[in-house]
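Read off the chains here:
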Amino acid sequence: MDATIGKVFDSVSGFFSGAASVFADEFPLCDTDIISGCEKELAEAQRGQDEGLKKECIMRLSWALVHSKTHADIQRGISMLEASVVSDTSPINLREKLYLLALGYYRSGDFSRSRDCIERCLEVEPEWRQAQTLKTAIEDRIVKDGVIGVGIAVTAVGVVAGIAAALVR
């Protein structure tokens, strides 16, 4: 159990320090065992008095949840991050939370909220490569969805025009 939590911690640390590579939709995924381990770790920390440890555990659990394979976990991670981002004054913590919020929104398909969060994140840390890469992925998805939407609209107009032409004859 401690080894699993250690792997998550190392993964989170490497991810935020820039050691991990993030391209388009190739974000690391987290399985339920890791999430359960983070939940247990948080429960133990909440029984203690160390506020710093509690915040670290919440951050690790939030990271695990937004990297989950299930939509419900991603939404839970978003909720945790939304609740904690308003009270954070540390620029480093704020950038990480905003990044995770942007990623959570991206993974749940809410691209406009994702873009808003990543832009706020880049205001805090303009040169952060993970945030820049996520912003590119978000913009690519928005463009792709727009092109698909236009294609559907053009197809619908073509079908209606074809039916109208057939009825006129």
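Procedures and definitions
Residues numbered from 1 in each chain as written. Predicted model: local features only at pLDDT ≥ 70, side-chain atom pairs only at ≥ 80, totals over all residues. Heavy atoms only, no water. Helix = DSSP H or I, 4+ residues; strand = E, 2+ residues; numbered from the N terminus. Areas by Shrake-Rupley, 256 points an atom, 1.4 Å probe, with all protein chains shown as cover. Core = buried A, V, L, I, M, F, W, Y, C linked by side-chain atoms within 4.5 Å. Buried < 20%, exposed > 50% of the residue type's maximum accessible area, 1.4 Å probe, protein only. Contact = heavy atoms within 4.5 Å. pLDDT = per-residue confidence, 0-100. Axes fitted to C-alpha atoms, helices over the stretch in contact; angles between N-to-C directions. Parallel < 35°, antiparallel > 145°, perpendicular 65-115°, else oblique. Left-handed = near helix turned anticlockwise from the far one by under 90°. Nonpolar A, V, L, I, M, F, W, Y, C, P; charged D, E, K, R; others polar. Disulfide = S-S within 2.5 Å. Phe/Tyr/Trp six-rings, centres within 6.5 Å; stacked < 30°, edge-to-face > 60°.

Let's talk about the overall build of the protein chain
Secondary structure summary: the protein chain contains seven helices and zero strands in total. Accessible surface, the protein chain: about 9,600 Å² in total, of which carbon and sulfur atoms supply 57%.

Description of the nonpolar core
In this structure, Tyr 99, Ile 118 and Leu 134 are the most contacted members of the largest nonpolar core, which totals 38 residues. Residue assignment for this core shows that the elements contributing at least two residues are helix 2 (32-47), helix 3 (51-66), helix 4 (71-85), helix 5 (91-108), helix 6 (111-124) and helix 7 (129-168). In contact with Leu 134, other than residues within four places in its own chain, are Phe 27, Tyr 99, Ala 102, Leu 103, Tyr 106 and Ile 118.

Regarding the confidence of the model for the protein chain
For the protein chain, the average pLDDT comes to 82, and 75% of its residues sit at 70 or higher. Confidence drops under pLDDT 50 across residues 14-24; counting only partners more than four residues distant or on other chains, this segment forms 28 contacts.

What to know about the environment of Ile 118
With respect to the helices and strands, Ile 118 occurs in helix 6. A relative accessible area of 0% places Ile 118 in the buried class. Residues within four places of Ile 118 in sequence aside, it is in contact with Tyr 99, Ala 102, Ala 131, Leu 134, Lys 135 and Ile 138.

So, the packing of helix 5 against helix 6
Taken N-terminus to C-terminus, the directions of helix 5 and helix 6 make an angle of 160 degrees; their axes are 8 Å apart at the nearest point. By the criterion of interaxial angle, the relationship of helix 5 to helix 6 is roughly antiparallel. Between helix 5 and helix 6 lies a crossing of left-handed hand. Each of Pro 91, Leu 94, Arg 95, Leu 98, Tyr 99, Leu 101, Ala 102, Tyr 105 and Tyr 106 in helix 5 lies in contact with helix 6, whose residues at this interface are Phe 111, Arg 113, Ser 114, Cys 117, Ile 118, Arg 120, Cys 121 and Val 124. Tallied by class, residues from the contact of helix 5 with helix 6 come to 13 nonpolar, one polar and three charged.

Structural notes on the packing of helix 3 against helix 5
Interhelical geometry of helix 3 versus helix 5 gives an angle of 20 degrees and a closest axis separation of 9 Å. Taken as axis vectors, helix 3 and helix 5 run roughly parallel relative to one another. The interaxial crossing formed by helix 3 with helix 5 has left-handed handedness. Facing helix 3, whose interface residues are Met 59, Trp 63 and Val 66, helix 5 presents Glu 96, Lys 97, Leu 100, Gly 104 and Arg 107. Partitioned by chemical class, the residues of the contact of helix 3 with helix 5 number four nonpolar, one polar and three charged.

A few points about the state of the cysteines
In total, this model carries zero disulfides according to the counting rule given. The thiol of Cys 38 is not disulfide-bonded; the next cysteine sulfur, from Cys 30, is found 6.3 Å away. Distance from the sulfur of Cys 121, which forms no disulfide, to the nearest cysteine sulfur (Cys 117) is 9.1 Å.

Details of the environment of Leu 134
Along the chain, Leu 134 falls in helix 7. Taking the C-alpha atoms as reference points, Leu 134 and Phe 27, separated by 107 residues in sequence, lie 9.5 Å from one another.

Looking at the packing of aromatic side chains
Summed over all chains, the structure comprises three aromatic pairs. Each ring, one from Phe 27 and one from Tyr 106, has its centre 5.6 Å from the other, and the planes form 75 degrees; the classification is edge-to-face. Taken as a pair, Phe 27 in the loop between helix 1 (2-17) and helix 2 and Tyr 106 in helix 5 lie far apart in primary sequence, 79 residues in all. The pair formed by Phe 27 and Tyr 106 is uniform in burial state, with each residue classed as buried. With 5.5 Å between their ring centres and 65 degrees between their planes, Tyr 106 and Phe 111 make a pair best called edge-to-face. In terms of burial, Tyr 106 and Phe 111 fall into one category: buried.

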